[in-house]
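# Tertiary structure, described
Letter by letter, the chains look like this.
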Amino acid sequence: MRKIVFLLTALCLSMSAWSQDGLVYWSQADGYKFDFDLDGTVDFSLPTQTTDKAISQVFVFDANGDGYFDLCELDLNDNLINWIFYYNDGNNNFVDPQTVIYGMSEGDKKLAGDFNGDGIGDVGIRRDNEFGLWWLITFQAMAPDVNQQFGISDKDLLVAGDMNGDGQDDIVCYDKGSWLCSFTPSDTEYKTPDFVSKDVQVTFGTSYDIPVLCDVDGDGYADMGLCSVDDEEVSFNLHSATKTANNGYSSDNGRGTFDKVVLMPSGINPTCVCAVKSKGTTGIESEHAVANVSVYPTLVRAGDSFTVKGNDVTKVKIYGMMGQLVKEIDTDGSMSTVVVSVDGWAQGTYFVCCESEGAVSSSKLIVQ
C-alpha cells in the first residue's frame, strides 16, 4: 500500500523475557525466506517441504512445545484439510512429517497459534456457511471446541498473535483494512476464545495488503503488519500505551498509525507472511520456569513403556496429536521416576507434559 506520511518511532530494546519476532515469507515456488532480524535480507531459506502436492497455505509456529519453530503446510486435496507438520530438530532440519486431517477444504478458513498459552501449538478453522461464521478450534491441550459466531465478513483473512501480552495468542479477523479481535480469556481453566467482547476494532490497511501479526519491538504485544508486495515493504501499527483506544492499537478515531516500516528482501513474491522466532520462548516458559525433567526413550513400540525422570514429579499428562487426553498421572510429589506403559496406544505422535518443582515441560513421544 502506498503511503504519504510515515510516523517513525525509535524503539528502545530492553532486557526482558520477550524477544523481537522475525518474518518469514512463503510461496509455493520459492519456499520459505526467513528474515529473523528484520533487516530486509534473507537469513535462511527452505524449499516447500511437501513436493508431491500443491500447498495452499503455510504456518510457522512451535507445534510441539520444544521452543523451536516448526512448519505446517496445508494440502486441500480430497475435499479435506490436511495439516502436514514438519518438526524442527533444533538445527533447522525438518523431520518426522505428520499429517492431521481437520476441516473441509471448501468453506473452512484456517488458523494456527498457541491459543491457550501452554507452549504447544493449536489449530483452528472457521466454518463459513448459511448459518453464519462459526469457529471450531482444536487444542493440543484438550480445551473444548468453540462454537461461536465471530467475524467481519465471509471474506475475512485470519491471523493470530498475542495482542494483550498474556502469553497466549488471540484470534484476529482482517477484511479490507478492518481488524477485529476478541482476546482469549486468561482466567479460565481451558482459556478458550469465547468471542464475547470486541476488544480491538481498528482500520489499518487495504484489500491489497497481506496482514500479519508480529512483535517487532519485543514488548510482548503483537503489532499489526501490512505486507505490500508491490512496495516490497511491511508497515506496522505498533501496540503502545500512549494509544488510548482499542487497548493500545489505534488513535481515538479508531485508525492505526504507520509507526515502523520493514523492507522485504528483494525479488520475492510471497503469498503467505508469518511471524517467527529463531529460538523463541514457549508459552509455558513465559509464565513458568521450565521443569528439569527428562523423557526417555522418545521412540517406543506399542506395548512398551517410557520413563519420566525429574525432581519431585507431581503430575504427568499425555495428549494425542489432536489434543485428546490419553493418560494422566498424579503423584504425591515425592516421585522422581515415573514409568508409563503405552500398551494399547495407537501408533503416532504424543506430547508428554510434566510438572516438577512448580515448573512445567513438554516433550514429544512417538509410538511405533
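Residues numbered from 1 in each chain as written. Predicted model: local features only at pLDDT ≥ 70, side-chain atom pairs only at ≥ 80, totals over all residues. Heavy atoms only, no water.

Labelled according to an unreviewed UniProt entry, the chain appears under the name Por secretion system C-terminal sorting domain-containing protein, originating from Barnesiella intestinihominis YIT 11860.

### Let's talk about the side chain of D114
To keep things clear, this is the line we draw: Per the convention used, a helix needs a DSSP run of H or I reaching at least four residues, while a strand needs a run of E reaching at least two, with both numbered from the N terminus. A 1.4 Å probe rolled over the protein chains alone gives each residue an accessible area, and that area as a share of the maximum for its type sets the label: buried under 20%, exposed over 50%, partly exposed in between. As used in this structure description, the phrase polar contact means that two N or O atoms lie within 3.5 Å; if the pair is within protein, one of them must be able to donate a hydrogen and the other to accept it, and residues adjacent in sequence are counted only when both atoms belong to side chains.
Inspection of the secondary structure puts D114 in the loop between strand 8 (108–113) and strand 9 (122–129). With relative accessibility at 12%, the residue D114 sits in the buried group. Side-chain polar atoms of D114 contact the backbone nitrogen of G119, separated by 2.9 Å.

### A closer look at the sheet that holds strand 11 (residues 157–161)
Strands in a sheet are paired, the pairing made by backbone hydrogen bonds, and the direction either parallel or antiparallel. Counted only if it meets this: Paired strands, in this sense, are two strands between which DSSP finds at least two bridges. Here an angle of 0 to 180 degrees is reported between the N-to-C directions of two axes, which are lines fitted to C-alpha atoms, with helices fitted over the stretch in contact.
The antiparallel open sheet is built from 4 strands, whose spatial order is 11-12-13-14. Unpaired on one side and paired on the other, strand 11 and strand 14 (200–203) mark the two borders of the sheet. On average, each strand axis in the sheet is inclined to that of its neighbour by 20 degrees, with strand direction left out of account. Bridge count for strand 13 (residues 178–182) against strand 14 is 4 bridges, and the pairing is antiparallel. If you follow S178 over to strand 14, its bridge partner there is T203.

### Observations regarding the pairing of strand 15 (residues 210–214)
Across the 5 residues of strand 15, 5 count as buried, placing the element largely inside the fold. Side chains I210, V212 and C214 of strand 15 all project onto a buried face; the interleaved residues P211 and L213 project onto the opposite face, where all are buried too. For strand 15 and strand 16 (residues 223–228), the ladder comprises 5 bridges, and the chain directions are antiparallel. Within strand 16, the position partnered with L213 by the bridge is M224.

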